[in-house]
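Results of the structural survey
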Amino acid sequence: VVEFGPPIVSGPPPVLDPYWMVGVMLVLGAAGGLLMERFKLAGGIFFGAMIVSAIFHGTGLAPGRVPAPVALFGQVLIGCWTGSRFVGFDWTRLPGILGAAAGSIGVGLATSAAFAFLASALLGVSFGAAMVGFAPGALEAMTMLAFALGFDALYVGVHHLARFLLLNIAMPVIVQTWLMPKKG
């Protein structure tokens, strides 16, 4: 990612959460996530853990960032989970969908870059952080990318969470209003 503008985070190296605190957050995050899944909330496991972490970090109970080995292990798990989605994939379909996939990625990246440039120019936000915040992608993956690149993960996560919530609120209205057949 090409970086323009001032960094969002600067100063001394970040304070790391102690491993025992990470363990407590993992247990409580799993419990919160399972509770959210029980109520059929979209992304329940992820959001339950995120809420627990936000409470711990927002109140000062957890003093800093998750240690790098824990974050790396989490990234490996996300990669394994993503790769497992290819079980049963019909590889003969791949050539037929590559063009549409490339076009979709191109439009998404161009749109993200345009708005990231605007945010950088108008608000003084670094282009790289804005690009990761606006780029299409999964909330957890883009948040981990922000950590890996040294961007403010909260900034990136909030933008993806806002997109996720907006889509979850707007899509049922759009489907009912414009896409459902009219009765009568």
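Our structure's up above, just so we're on the same page.
A quick note: this is a predicted structure, and the numbers were derived from the prediction, not measured. Going along each chain's sequence as written, the residues are numbered from 1 onward. In keeping with the model being predicted, local features are shown solely for residues with a pLDDT of at least 70 and side-chain atom pairs are shown and tallied solely at 80 or more, while totals for entire chains, interfaces and linings include all residues. Hydrogens and water are ignored here; the side-chain numbers use all heavy atoms of the structure.

**Considering the packing of helix 1 (residues 19-38) against helix 2 (residues 44-58)**
Where we set the bar: Between the N-to-C directions of two axes lies an angle of 0 to 180 degrees, each axis being a line fitted to C-alpha atoms and, for a helix, fitted only over the stretch in contact. A run of H or I in DSSP counts as a helix once it spans at least four residues, and a run of E counts as a strand once it spans at least two, with each numbered from the N terminus. Any angle that is under 35 degrees is reported as roughly parallel, and any over 145 degrees as roughly antiparallel; angles of 65 to 115 degrees are reported as roughly perpendicular and all others as oblique. Crossings are sorted by hand: turned counterclockwise from the far helix by less than a right angle, the near helix makes the crossing left-handed, and turned clockwise it makes it right-handed. In what follows, a contact means two residues having at least one pair of non-hydrogen atoms within 4.5 Å. Nonpolar residues are Ala, Val, Leu, Ile, Met, Phe, Trp, Tyr, Cys and Pro. Charged residues are Asp, Glu, Lys and Arg, and all others, Gly as well, are polar.
Between helix 1 and helix 2, the shortest axis-to-axis distance is 7 Å and the interhelical angle comes to 135°. As summarised for this structure, helix 1 and helix 2 are arranged oblique, according to the angle between their axes. Judged by the twist between their axes, the crossing of helix 1 over helix 2 is right-handed. Residues Met21, Val24, Met25, Leu28, Gly29, Gly32, Gly33, Leu34, Met36 and Glu37 of helix 1 touch helix 2, and the partners they reach there are Gly44, Ile45, Phe47, Gly48, Ala49, Ile51, Val52, Ser53, Phe56 and His57. Residue composition of the contact of helix 1 with helix 2, grouped by class: twelve nonpolar, seven polar and one charged.

**Quick notes on the nonpolar core**
Going by this rule: Side-chain atoms within 4.5 Å link the members of a nonpolar core, which is a set of buried Ala, Val, Leu, Ile, Met, Phe, Trp, Tyr and Cys residues. Categorising residues by exposure relies on relative accessible area from a 1.4 Å probe, with only protein chains included: less than 20% of the type maximum marks a residue as buried, more than 50% marks it as exposed, and the intermediate range marks it as partly exposed.
Ranked by internal contacts, the top residues of the largest apolar core, which has 15 residues, are Ala130, Val132, Ala146, Tyr155 and Val156. Among the secondary structure elements, those contributing two or more residues to this core are helix 4 (94-123), helix 5 (127-134), helix 6 (139-149) and helix 7 (153-179). Here this core takes five residues from helix 5, the largest share from any one element. Among the nonpolar cores identified, the runner-up in size contains six residues, and Met21, Val22, Met25 and Ala62 belong to it.

**So, the packing of aromatic side chains**
So the rule is basically this: Classification of ring pairs rests on two measures: the distance between centres of Phe, Tyr or Trp rings, Trp counted by its six-membered ring, which must be within 6.5 Å, and the angle between planes, read as stacked under 30 degrees, edge-to-face over 60 and tilted in between.
What the rule picks out here adds up to five aromatic pairs. With a centroid separation of 5.6 Å and 70° between ring planes, the pair formed by Phe46 and Phe47 is classed as edge-to-face. Since its relative accessible area comes to 11%, Phe47 is described here as buried. For the ring pair Phe47 and Phe164, a centre distance of 5.2 Å and an interplane angle of 40° mean the geometry is tilted.

**Concerning a nonpolar patch on the surface**
Stated precisely, the cut-off is as follows: Surface patches are drawn from residues lacking salt bridges whose relative accessible area is over 30%; two like charges belong together within 9 Å, two nonpolar side chains (Val, Leu, Ile, Met, Phe, Trp, Tyr) within 5 Å. Shrake-Rupley sampling with a 1.4 Å probe provides the accessible areas, and residues are treated as covered by the protein chains on show and by no other component. In the sections that follow, a salt bridge refers to a side-chain nitrogen of Lys or Arg positioned within 4 Å of a carboxyl oxygen of Asp or Glu.
Taken together, the side chains of Leu167, Met171, Ile174, Trp178 and Leu179 define a hydrophobic patch exposed on the protein surface, amounting to about 530 Å² of accessible area. Position of Trp178 relative to the elements: it lies in helix 7. Look at Trp178 and you get exposed, because its relative accessible area is 63%.

**Focus: the environment of Leu35**
By the secondary structure assignment, Leu35 is in helix 1. Using a relative accessible area of 47% as the deciding quantity, one classes Leu35 as partly exposed.

**With respect to the side chain of Asp17**
Rule in force here: Under this definition, polar contacts are N or O atom pairs within 3.5 Å; protein pairs additionally need one hydrogen-donor-capable and one acceptor-capable atom, and for neighbouring residues in sequence, both atoms have to be side-chain atoms.
Mapped onto the fold, Asp17 is located in the segment before helix 1. Separated by 2.7 Å, the side chains of Asp17 and His57 make a polar contact. Polar contacts involving the side chain of Asp17 include one to the main-chain amide nitrogen of Gly64, which spans 2.7 Å. Setting aside residues up to four positions removed in sequence, Asp17 forms contacts with Val22, Met25, His57, Ala62, Pro63, Gly64, Arg65, Val66 and Pro67.

**With respect to the packing of helix 6 against helix 7**
Their axes nearest at 8 Å, the elements helix 6 and helix 7 cross at an angle of 160°. Classed by the angle they form, the pair helix 6 and helix 7 counts as roughly antiparallel. The chirality of how helix 6 crosses helix 7 is right-handed. Taking contact as the criterion, the partners of Leu139, Met142, Thr143, Ala146 and Phe147 in helix 6 are, on helix 7, Ala153, Val156, Gly157, His160 and Leu161.

**Concerning helix 1**
Worth spelling out the cut-off: A helix is expected to span 1.5 Å for every residue after the first. By construction, the arc corresponds to the directions joining the helix axis to the C-beta atoms.
Over its 20 residues, helix 1 runs 28 Å from end to end, which matches the ideal 28 Å to within 8%, given 1.5 Å per residue. For helix 1, every residue scored as buried is listed here: Met21, Val22, Met25, Gly29, Gly32, Gly33 and Met36. Projected down its long axis, helix 1 carries its buried residues within an arc of 105°, all on one side. With respect to the buried face of helix 1, the exposed residues turned more than 90 degrees away are Trp20, Leu26, Val27, Leu34 and Arg38. For helix 1, the secondary structure elements touched by its buried residues are helix 2 and helix 3 (68-84). Positive backbone phi, approximately 60°, marks Lys40, located one or two places after helix 1.

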